[in-house]
Amino acid sequence: MALRRSVIRFISSKRPSPAVYRTCGFSTQASKDESSNKTKQTHFGFQSVDEEEKWKKVHEVFETVAEKYDVMNDAMSLGIHRLWKDIFMQRLAPTHGTKLLDVAGGTGDISFRYINYLRNLGPPPEGKHSSVTVCDINQAMLDVGKVRAQRQGFTREATGVDIDWLCGDAEKLTVPDESYTAYTIAFGIRNCTHIDKVLEEAYRVLTPGGRFMCLEFSQLPNNTMQWLYDQYSFQVIPVLGQLIAGQWKPYQYLVESIRQFPDQEKFKAMIEDAGFRQVRYENLTFGVCAIHSGFKI
Ligand SMILES: C[S@@+](CC[C@H](N)C(=O)[O-])C[C@H]1O[C@@H](n2cnc3c(N)ncnc32)[C@H](O)[C@@H]1O
């Protein structure tokens, strides 16, 4: 504890350089609490902040970590996030002709798996063209993704699958109604201020029969396991963030935001409230994270 406190003091003494936001050219409107005319409060990790401030802070987190995002994912999860994402793609099981919208797509991990999955199916039949749109609110994350796509050969020319990069907000997507057959969001929805709006938008942009899939950190089934996981999360992850990425606070936020996200059953109910049917979930690594899935019927 003493070590942790001195590391925190050391870091707090070093003011982070001001983030230069590269948004998609829009800002968010914080909603007002009608009874008091005050801006509505929400949580940013364990802090209570107004909604607009949360939006800015989340933006700052991913602006700050973008360059180190991929290496930190490997370090924090000991590489297990790769397996979770592989399983996620196997559950989606896209076919030739799928049109995927990967929201909060960041640096492209899910979209690259999608393209690989289709490649492994063999050449597409005539007229069955597939595409993916990687949508993220943070241009810095998308920029890292675009460089990775070029470097790793995930281009239309190399794979035959269209890949587009779209800067946009999951809560108000700028894509037409019923324009995608699949929607994915991996480790993104807990960062959004209004989960219900994200789900509404997912429902709007999917074609009838389209599938919603979410991969997100979740809750462990018993207190002992949760306690062990908390020890690792709160004591180790921010330290790794400081050592590898030179940043403590974004990783502390990451851990806190996981604790604030609704558990498996509550989130399932929210997906049903948005109109999805056949909603189910599957725990991965005892519930460290979960895959939720539903159909627009
Ligand atoms: C933890 S990263 C996940 C990236 C990627 N899906 C993956 O699994 O590696 C979370 C992403 O959500 C994005 N994000 C946060 N709020 C968002 C919003 N309202 N709309 C779209 N993207 C958002 C962040 O910019 C960040 O790239």
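For the structure given in this document, a descriptive report is provided here.

Procedures and definitions
Note that residues are indexed from 1 along each chain, following the sequence as it is written. Where totals are concerned, whole chains, interfaces and linings use all residues; where local detail is concerned, this predicted model gives features only for residues with pLDDT of at least 70, and gives and counts side-chain atom pairs only at 80 or more. As a convention, hydrogens and water are excluded, and side-chain values are obtained from all of the structure's heavy atoms. Helix and strand labels come from DSSP, where a helix needs a run of H or I of at least four residues and a strand needs a run of E of at least two; each type is numbered from the N terminus. Throughout this description, buried means an accessible area under 20% of the type-specific maximum (1.4 Å probe, protein chains only), exposed means over 50%, and partly exposed covers the range between. Only the protein chains shown count as covering a residue, and every accessible area follows the Shrake-Rupley method with a 1.4 Å probe. Buried residues of nine kinds, namely Ala, Val, Leu, Ile, Met, Phe, Trp, Tyr and Cys, make up a nonpolar core once their side-chain atoms join them within 4.5 Å. Throughout, a residue-residue contact means that at least one pair of heavy atoms, one from each residue, lies within 4.5 Å. For two strands to count as paired, DSSP must find a minimum of two bridges between them. By this rule, a helix spans an expected 1.5 Å times one less than how many residues it contains. Only C-alpha atoms enter the line fits that serve as axes; for helices the fit covers just the stretch in contact. Angles between N-to-C directions range over 0 to 180 degrees. Aromatic pairing here means that ring centres of Phe, Tyr or Trp (its six-membered ring) are within 6.5 Å. Orientation follows from the plane angle: under 30 degrees is stacked, over 60 is edge-to-face, and everything else is tilted.

**Some points on the overall build of the protein chain**
- Helices and strands together make up the secondary structure of the protein chain, namely eleven helices and eleven strands.
- With 297 residues in all, the protein chain has 50% of them scored as buried.
- Surface exposure of the protein chain reaches about 14700 Å², of which carbon and sulfur atoms provide 53%.

**A few points about the nonpolar core**
- One finds W84, Y114, L215 and F217 to be the most contacted residues of the largest nonpolar core, which totals 51 residues.
- If we ignore the near neighbours within four places in the chain, the residues touching Y114 are M89, P94, T98, K99, L100, S130, S131, V132 and V161.
- Counting residues in hydrophobic clusters, the runner-up holds 25 residues, among them I195, V205, F261 and V279.

**Focus: the pairing of strand 3 (residues 41–44)**
- Across the two faces of strand 3 the burial differs, with T42 and F44 buried and Q41 and H43 not buried at all.
- Between strand 3 and strand 4 (residues 47–50), which pair antiparallel in sequence order, lie two residues; one of them, G45, sits at a positive phi of approximately 60°.

**Things to note about helix 5 (residues 109–120)**
- With twelve residues, helix 5 should cover 16 Å at 1.5 Å per step; its first-to-last C-alpha distance of 17 Å lies within 8% of that length.
- D109, I110, S111, F112, R113, Y114, I115 and L118 are the residues of helix 5 that are buried.
- Phi turns positive one or two residues past the end of helix 5, at G122, with a value near 95°.

**Things to note about the sheet that holds strand 7 (residues 162–167)**
- Judged by pairing direction, the sheet is mixed, and its seven strands sit side by side in the order 7-6-5-8-9-11-10 without closing on themselves. Each of the sheet's edge strands pairs with one partner strand only, and the pair in question is strand 7 and strand 10 (277–284). In this sheet, neighbouring strand axes are inclined to one another by 15° on average, regardless of whether the strands run parallel or antiparallel.
- Note: strand 5 (residues 99–103) against strand 6 (residues 131–136), five bridges, orientation parallel. Bridged to L101 within strand 6 is T133.
- In the packing of helix 5 onto the sheet, contacts are made with strand 5, strand 6, strand 7 and strand 8 (180–186), and the angle to strand 6 comes to roughly 175°.

**Quick notes on the packing of aromatic side chains**
- One pass over the structure, following the stated rule, counts eleven aromatic pairs.
- Each ring, one from F44 and one from Y253, has its centre 4.3 Å from the other, and the planes form 5°; the classification is stacked. Separated by 209 residues along the polypeptide, F44 in strand 3 and Y253 in helix 10 (residues 249–260) bring together distant segments of the chain. Here F44 matches Y253 in class, with each residue buried.
- Between Y203 and F276 the ring centres are 5.1 Å apart and the planes differ by 80°, which places this aromatic pair in the edge-to-face class. Taken together, the residues span a long stretch of sequence, with Y203 in helix 8 (residues 195–205) and F276 in the loop between helix 11 (264–273) and strand 10 at a distance of 73 residues.
- Ring-pair connections join several aromatic residues into one group, and the members of that group are Y183, Y203, F212 and F276.

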